[in-house]
Amino acid sequence: MIDLIHVTKHFGDAVAVDDISLSVARGELCVLVGTSGCGKSTTLRMINRLIEHSEGEIHIDGQQIREFREESLRRRMGYAIQSTGLFPHWTVARNIGLVPRLLKWPAARIQARVEELMALLGLDLEEFADKYPHQLSGGQAQRVGVARALAADPDILLMDEPFGALDPLTREGLQEELRELQGRLEKTIVFVTHDMDEALRLADHLVVMHQGRIKQQGRPLELLREPADAFVESLLGGEGRGLKEAALLPVSQRMLPLGPRLLARERIGQQASLREALSLMLWRHAERLTVVDDDDLPVGELSLRRLVGVRSDD
Ligand SMILES: Nc1ncnc2c1ncn2[C@@H]1O[C@H](COP(=O)(O)OP(=O)(O)OP(=O)(O)O)[C@@H](O)[C@H]1O
Ligand SMILES: [Mg+2]
């Protein structure tokens with residue numbers, strides 16, 4: 001869906017993005033993560049041509065972005081940013097309807113779309129449609145920003161630290177909603193963050209950048225298991241990596257078949273993460289858990305030793 005092929009961006013003599021190649025498949029959530037100034041935002045803005053790349057090629061659906069008309073890029077790509085970029089003197093409804101209005105949709109269709117998006121993002125129409133951005137909480141404003149990015153039903157969403165300004169709880173809530181939305185709407189998303197926990201929670205495809213270059217990319221678990229170098233490893237959390245990995249693996253990956261022993265009293269669903277399993281064990285002082293399927297039928301067991309000591313691919 002999105003291909004960057006040996007893409008470089010110079011600002012004068014400075015190289016902001018240095019020969020990066022990257023592919024994002026349709027329906028995939030790709031996260032760019034890295035230290036401040038490493039070129040994440042520049043990369044994102046080259047995809048929607050807010051910034052022109054200097055060298056290399058960028059393709060959308062196999063077609064060079066230079067060949068797209070501005071209007072079709074705007075229609076196909078939603079863009080959400082940390083500061084939300086909402087217009088302060090426009091109501092929530094008007095802000096959300098911005099791109100459809102630029103695309104000259106009829107008023108009734110814009111109205112219907114705004115209502116649909118507000119419902120989708122849990123913004124009560126009565127309460128919020130006529131409010132102004134300064135009357136919203138940070139989380140509400142970011143929802144409006146995301147709704148606006150979705151307004152013209154783009155197949156690609158570009159998100160630059162869209163949840164950056166939020167407290168951890170609201171942030172986790174929105175991350176979950178985003179994953180859920182993505183599953184439902186099948187958007188292709190490129191998401192920028194410098195928060196590794198957020199990156200690991202969201203990414204299908206994780207790209208670690210440093211000083212304009214890609215240090216490593218792949219599935220989050222691949223990076224956690226085999227960081228390419230000390231930089232990637234430290235960014236991934238160094239020694240604490242095991243726990244992050246545990247948060248991503250489902251219980252079913254490490255459980256053993258049911259043995260002849262009595263079933264352990266505490267139960268956990270096979271889709272739960274190993275981190276959840278660990279907290280249940282610690283909370284209940286249980287050394288073993290019975291793993292159950294969606295119908296609550298026992299399918300295996302998980303021991304503390306196996307959880308902490310044995311790798312899933314052993
Ligand atoms: N318009 C510009 N003109 C000159 N230099 C720029 C411009 N935009 C970005 N840069 C430089 O390019 C480099 C990459 O910037 P970019 O904004 O992509 O970083 P980033 O990874 O998004 O950082 P952050 O996490 O702080 O947002 C930086 O060194 C920055 O100073
Ligand atoms: Mg940035």
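Residues numbered from 1 in each chain as written. Chains lettered and ligands numbered in written order. Predicted model: local features only at pLDDT ≥ 70, side-chain atom pairs only at ≥ 80, totals over all residues. Heavy atoms only, no water.

An unreviewed UniProt entry lists the protein under the name ABC transporter ATP-binding protein, with Halomonas urmiana as the source organism. For the protein, the Sequence similarities (unreviewed entry) comment in UniProt is given as "Belongs to the ABC transporter superfamily." (UniProt positions renumbered as here; feature names shortened; annotations may be inferred.)

We now examine the sheet that holds strand E8 (residues 188-193). Strand order in this open sheet of 6 strands is E6-E7-E8-E3-E9-E10, and the pairing throughout is mixed. Edge positions in the sheet fall to strand E6 (77-81) and strand E10 (213-218), since each has one partner strand and no second. Averaged over all pairs of adjacent strands, the angle between strand axes in this sheet comes to 15°, irrespective of strand direction. As defined by bridge partners, strand E9 (residues 205-210) adjoins E10 across 5 bridges and the pair is classed as antiparallel. Looking at the pairing, His-210 lines up with Arg-213 of E10. Relative to strand E7 (residues 156-160), helix H1 (residues 40-47) is tilted by about 155°, and along the sheet it contacts strand E3 (29-34), E6, E7, E8 and E9. Its contacts with the sheet put helix H8 (residues 168-185) on E3, E7 and E8, and the angle it makes with E8 is roughly 160°. (Pairing = 2+ DSSP bridges. Helix = DSSP H or I, 4+ residues; strand = E, 2+ residues; numbered from the N terminus. Axes fitted to C-alpha atoms, helices over the stretch in contact; angles between N-to-C directions. Contact = heavy atoms within 4.5 Å.)

For the rest of this paragraph, the subject is the site of ligand 1. The immediate surroundings of ligand 1 are formed by Phe-11, Ala-16, Thr-35, Ser-36, Gly-37, Cys-38, Gly-39, Lys-40, Ser-41, Thr-42 and Glu-161. Cys-38 has a polar backbone atom sitting 3.2 Å from an oxygen atom of ligand 1. Within the contact set of ligand 1, an oxygen atom lies 2.8 Å away from a side-chain nitrogen or oxygen of Lys-40. Protein chains shield 56% of the accessible area of ligand 1, which is 640 Å² for the free molecule. Looking at the shell around ligand 1 element by element, the count peaks at 3 residues for H1. Here the residues of the shell around ligand 1 are counted per class, giving 3 nonpolar, 6 polar and 2 charged. (Near = heavy atom within 4 Å. Polar contact = N/O pair within 3.5 Å; in protein donor to acceptor, adjacent residues only side chain to side chain. Areas by Shrake-Rupley, 256 points an atom, 1.4 Å probe, with all protein chains shown as cover. Nonpolar A, V, L, I, M, F, W, Y, C, P; charged D, E, K, R; others polar.)

Further remarks concern unusual backbone geometry. Of note in the backbone geometry, Asp-19 takes a positive phi value of approximately 55° without being a glycine. For Asp-19, the position within the fold is in strand E2 (residues 14-24). Owing to a relative accessible area of 36%, Asp-19 belongs among the partly exposed residues under this scheme. Positive phi values are uncommon outside glycine, yet Arg-49 reaches one of about 65°. (Buried < 20%, exposed > 50% of the residue type's maximum accessible area, 1.4 Å probe, protein only.)

Of note, Gly-183 is situated in helix H8. Measuring from C-alpha to C-alpha, the distance between Gly-183 and Glu-276 comes to 22 Å, with 93 residues separating the pair along the chain.

Phe-191 and Leu-206 are the most contacted members of the largest nonpolar core, which has 64 residues in total. When residues in this core are grouped by element, the largest group, 6 residues, is from helix H7 (residues 138-150). Once residues lying within four places of it in the same chain are set aside, the contact partners of Leu-206 are Val-31, Val-33, Met-196, Ala-199, Leu-200, Gln-216, Gln-217, Gly-218, Pro-220 and Leu-223. Counting 27 residues, the second-largest nonpolar core is a separate cluster that includes Val-24, Ile-47, Ile-51 and Leu-73. (Core = buried A, V, L, I, M, F, W, Y, C linked by side-chain atoms within 4.5 Å.)

Once that is clear, we can look at the packing of aromatic side chains. As enumerated under the stated definition, the model contains 2 aromatic pairs in all. Ring centres 4.8 Å apart and planes at 45° place the aromatic pair Phe-87 and Trp-90 in the tilted group. Assessed through its relative accessible area of 37%, Phe-87 is described here as partly exposed. On the basis of an interplanar angle of 55° and a centroid distance of 5.8 Å, the ring pair of Phe-163 and Phe-191 is categorised as tilted. Of this pair, Phe-163 sits in the loop between E7 and H8 while Phe-191 sits in strand E8, and the two are 28 residues apart along the sequence. For Phe-163, a relative accessible area of 1% puts it in the buried group. Just above the ring of Trp-90 sits the side chain of Arg-94; from NZ or CZ to the centre is 4.1 Å. The cationic tip of Arg-109 hangs over the ring face of Trp-105; the distance from NZ or CZ to the ring centre is 3.6 Å. (Phe/Tyr/Trp six-rings, centres within 6.5 Å; stacked < 30°, edge-to-face > 60°. Lys NZ or Arg CZ within 6 Å of the ring centre and 35° of its normal.)

Before going further, it helps to examine the pairing of E8. The element E8 is largely enclosed, with a buried count of 6 among its 6 residues. Side chains Thr-188, Val-190 and Val-192 project from E8 onto one buried face, and the interleaved Ile-189, Phe-191 and Thr-193 project onto a second face that is buried too. Inspection of the sheet shows E3 paired to E8 by 5 bridges, in the parallel sense. Bridge pairing in E8 places Val-33 opposite Thr-193. Sheet topology places E7 next to E8; 5 bridges connect them, and they run parallel. In the sheet register, Asp-160 faces E8, and the bridge partner there is Val-192.

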